[in-house]
Amino acid sequence: MAKSVFISSTLPREAVGLIPGDFTLDYNNSEVPLSKAELVSRLNGKDGLICHIISTIDEEVLASAPTLKVVANVAVGYNNIDVAAARRRGVIVTNTPDVLTETTADFAWTLLMATARRVVEADHYARSGRWTAWKWDLLWGADVHGTTLGIVGFGRIGRAVARRALGFNMRVLYHDAVRADAAVERELSATATDLETLLREADFVTLHTNLTPETRHLIGERTLRLMRKSAIVVNAARGPIVDEAALARALREGWIAGAGLDVFEEEPRIHPDLLPLQNVVLAPHIASASRDTRIAMATLAVRNCVAVLEGKAPITPVA
Ligand code: GLV
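Residues numbered from 1 in each chain as written. Predicted model: local features only at pLDDT ≥ 70, side-chain atom pairs only at ≥ 80, totals over all residues. Heavy atoms only, no water.

Trainee: Sorry, what's going on with the site of the ligand here?
Mentor: Residues in contact with the ligand, as listed here, are Ala75, Val76, Gly77, Leu100, Arg238, His285 and Met297. Val76 has a polar backbone atom sitting 2.8 Å from an oxygen atom of the ligand. A distance of 2.6 Å is found between an oxygen atom of the ligand and a side-chain nitrogen or oxygen belonging to His285. Here the ligand has 190 Å² of accessible area as a free molecule, and 87% of this is covered by the chains. (Near = heavy atom within 4 Å. Polar contact = N/O pair within 3.5 Å; in protein donor to acceptor, adjacent residues only side chain to side chain. Areas by Shrake-Rupley, 256 points an atom, 1.4 Å probe, with all protein chains shown as cover.)

See below:
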């Protein structure tokens with residue numbers, strides 16, 4: 001019988017074109033998230049699913065799709081998938097590491113710089129017609145070079161962020177459950193610390209950890225109060241790592257100086273208390289969104305799905 005694949009949302013043509021001609025393809029070329037009922041119905045009889053983070057693949061969905069052999073997520077993060085439930089049912093889950101590392105690190109730096117140097121405020125001001133004379137004390141921000149960068153989560157993306165800090169002559173602290181090799185620490189000039197030390201000492205705290213029960217609200221009232229009043233927090237990982245209500249208070253009441261956020265607790269909703277604040281730069285979950293990287297992610301997801309359905313090893317299975 002022909003292998004049958006469901007692509008649950010829009011993918012670039014380059015990636016869709018990699019589905020072999022002898023497979024049956026059901027392609028939902030839309031970015032509107034499917035309801036659970038629609039997802040379950042379209043998965044009926046399918047062998048493979050290629051999905052984005054907007055598809056929640058939980059126990060119930062997996063139970064309703066007994067023919068499914070592979071779920072290929074078009075993202076490095078896979079908190080939208082119940083991996084343990086998939087494993088119990090013999091369904092392979094894959095993600096898209098590596099291809100997005102540098103692009104995501106670039107964007108974490110974009111948020112960091114934009115927040116420190118108030119680029120969004122500057123843009124609004126420059127367009128507003130209010131710029132009528134050169135002003136020497138206009139839009140003062142914070143220096144980045146020579147300061148301390150705290151990286152929470154020192155995997156591929158965290159390390160790529162650290163590598164960029166070398167050019168800014170920064171002191172780099174990192175916190176991770178797994179200590180990096182001495183050679184990596186040396187190459188990146190990075191020092192392992194406990195979380196509290198990192199939060200107390202960093203001028204910039206950037207989050208690059210997975211979302212797990214342990215990291216949910218890792219940044220909340222207690223941890224925000226440990227940070228410097230001048231600290232800037234960057235989150236290009238997953239929204240729920242930060243307690244947005246607590247962050248909004250911290251920004252409003254001056255416990256910290258600023259935040260650059262690409263991800264939110266209940267996307268696409270942004271906590272309303274964040275919206276009026278000038279000292280937060282907001283982006284709509286686009287850290288990996290360069291053209292080349294998004295095509296590479298989609299292509300890798302399709303190749304993972306096809307490999308499993310052709311009886312080969314997946315290229316990038318989740319651990
Ligand atoms: C995007 O959020 C990703 O996990 O790749």
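Having seen it, we continue.
Trainee: When you look at a nonpolar patch on the surface in this model, what are you seeing that I'm missing?
Mentor: Nonpolar side chains collect at one region of the surface, where Trp134, Trp136 and Trp140 lie side by side and expose about 530 Å² of accessible area between them. Here Trp134 lies in the loop between helix H6 (119-128) and strand S6 (148-152). (Patch = residues over 30% accessible without salt bridge, like charges linked within 9 Å, V, L, I, M, F, W, Y side chains within 5 Å. Salt bridge = Lys/Arg side-chain N within 4 Å of Asp/Glu carboxyl O. Helix = DSSP H or I, 4+ residues; strand = E, 2+ residues; numbered from the N terminus.)

Trainee: Explain the packing of aromatic side chains here, please?
Mentor: Inspection of the entire model under this criterion finds three aromatic pairs. Ring geometry for Phe154 and Tyr174: centres 3.9 Å apart, planes at 10 degrees, overall stacked. With a gap of 20 residues between them, Phe154 in the loop between S6 and helix H7 (156-165) and Tyr174 in strand S7 (residues 171-175) connect regions that are remote in the sequence. Summarising the burial analysis for this pair, Phe154 and Tyr174 share the class buried. Positioned above the aromatic ring of Trp255 is the side chain of Arg225, whose terminal nitrogen or guanidinium carbon lies 3.7 Å from the ring centre. (Phe/Tyr/Trp six-rings, centres within 6.5 Å; stacked < 30°, edge-to-face > 60°. Buried < 20%, exposed > 50% of the residue type's maximum accessible area, 1.4 Å probe, protein only. Lys NZ or Arg CZ within 6 Å of the ring centre and 35° of its normal.)

Trainee: Even after reading the chapter, I still don't get the pairing of strand S1 (residues 4-7), so can you show me in this structure?
Mentor: In the case of a regular strand, side chains alternate between the two sheet surfaces. On S1, burial covers both faces: Ser4 and Phe6 on one face and Val5 and Ile7 on the other are all buried. Across four bridges, S1 lies against strand S2 (residues 24-27) in parallel orientation. Bridge pairing in S2 links Phe6 to Asp26. The pairing of S1 with strand S3 (residues 48-51) spans three bridges and is parallel. (Pairing = 2+ DSSP bridges.)

Trainee: Explain the sheet that holds S3 here, please?
Mentor: Pairing is parallel in the open sheet, where five strands are placed in the order S2-S1-S3-S4-S5. Looking at the sheet topology across the chains shown, the edges are occupied by S2 and strand S5 (92-94). If you compare each strand with its neighbour and ignore which way they point, the axes differ by 15 degrees on average. Judged from the four bridges that link them, S3 and strand S4 (residues 70-73) form a sheet pairing that is parallel. (Axes fitted to C-alpha atoms, helices over the stretch in contact; angles between N-to-C directions.)

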